[in-house]
Amino acid sequence: MDIQLTAERIVKRCGTRTPFSVAKDLGIIVLYESLGSIRGYYSKSRRQKFIHINEELSEHAALFVCSHELGHAILHKDANTPFLRSNTLLSVNKYEIEANQFAACLLLPDYKLREFIEYEYTIEQAAACSGLPEALVQYRVEQFKEKQ
């Protein structure tokens, strides 16, 4: 599965990289709830998809969480990760990594990466500018350079 290609197809289809707008265009309901220490999660009930976001998160954190959960909704639409985590021996780490990669591809497009590389930003600087964790910026930079 090409996660970046999937993200770019979604952007083209919806005409935006804003995860809240993408969710709305795809008919996914975004709910803000009191979730304690949980930042967010994705669920599906009776063919309706939901993204649950902790109402205590900053706007910036909610943007990333929504992007990550949107990754689950698109890449793992029928996976019930809480069930898998508690009732099987299957690892859900792969799903979490893929959802993070989807979020990074959605929020950090190639043209922005090109600028960071052209101006010789460090990973730390690019992370600060993009608001993404350093590991995800590193992933995107490596992915971008592989295509060149």
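Residues numbered from 1 in each chain as written. Predicted model: local features only at pLDDT ≥ 70, side-chain atom pairs only at ≥ 80, totals over all residues. Heavy atoms only, no water.

### A few points about the nonpolar core
So, step 1. In terms of nonpolar packing, the biggest core is built from 34 residues, with Ile51, Leu70, Phe102 and Val137 touching the most fellow members.
So, step 2. Where this core is concerned, the elements lending two or more residues are helix 1 (3-14), helix 2 (19-25), strand 3 (48-54), helix 3 (59-75), helix 5 (93-107), helix 6 (110-118), helix 7 (123-130) and helix 8 (134-147).
So, step 3. For this core, the leading source of residues is helix 3, giving seven residues.
So, step 4. Among residues more than four places away in sequence, those in contact with Val137 are Leu108, Ile123, Ala126, Ala127, Ser130 and Leu132. (Core = buried A, V, L, I, M, F, W, Y, C linked by side-chain atoms within 4.5 Å. Buried < 20%, exposed > 50% of the residue type's maximum accessible area, 1.4 Å probe, protein only. Helix = DSSP H or I, 4+ residues; strand = E, 2+ residues; numbered from the N terminus. Contact = heavy atoms within 4.5 Å.)

### Notes on helix 7
So, step 1. Among the residues of helix 7, Ala126, Ala127 and Ser130 are the ones counted as buried. Along the axis of helix 7, the buried positions cluster into a sector of 100°, meaning they face one direction only. Pointing more than 90 degrees away from the buried face of helix 7 are the exposed residues Ala128 and Cys129.
So, step 2. Where helix 7 is buried, its residues contact helix 3, helix 6 and helix 8.
So, step 3. Immediately beyond the C-terminal end of helix 7, within one or two residues, lies Gly131, with a positive phi of roughly 80°. (Arc of directions from axis to C-beta.)

### Let's talk about the packing of aromatic side chains
How two aromatic rings sit relative to each other is set out by the distance from centre to centre and by the angle between their planes.
So, step 1. Per the counting criterion, the structure on display carries two aromatic pairs.
So, step 2. Their ring planes at 25° and their centres at 6.5 Å tell us that Phe20 and Tyr32 sit as a pair that is stacked. Placement of Phe20 in helix 2 and of Tyr32 in strand 1 (residues 29-33) is noted, with a sequence separation of 12 residues between them.
So, step 3. When its relative accessible area of 46% is taken as the criterion, Tyr32 is described as partly exposed. (Phe/Tyr/Trp six-rings, centres within 6.5 Å; stacked < 30°, edge-to-face > 60°.)

### Considerations on unusual backbone geometry
So, step 1. Phi is positive for Arg47, which is not a glycine, with a value near 70°.
So, step 2. Position of Arg47 relative to the elements: it lies in the loop between strand 2 (40-45) and strand 3.
So, step 3. Take Arg47: its relative accessible area is 79%, and that puts it in the exposed class.
So, step 4. The phi dihedral of Glu120 falls on the positive side, at around 55°, and the residue is not glycine.
So, step 5. One can find Glu120 in the loop between helix 6 and helix 7.

### What to know about the pairing of strand 2
So, step 1. Pairing of strand 2 with strand 3 involves six bridges; the strand directions are antiparallel. Directly across from Tyr42, in strand 3, lies its bridge partner Ile51. (Pairing = 2+ DSSP bridges.)

### Re the confidence of the model for the protein
So, step 1. Mean pLDDT over the protein: 89, with 91% of residues reaching 70 or higher.
So, step 2. Mean pLDDT across the elements of the protein ranges from a minimum in helix 4 (residues 81-87), with 51, to a maximum in helix 2, with 98.
So, step 3. Low confidence marks residues 87-91, where pLDDT is under 50. Its contacts with residues over four positions away, or in another chain, come to two contacts. (pLDDT = per-residue confidence, 0-100.)

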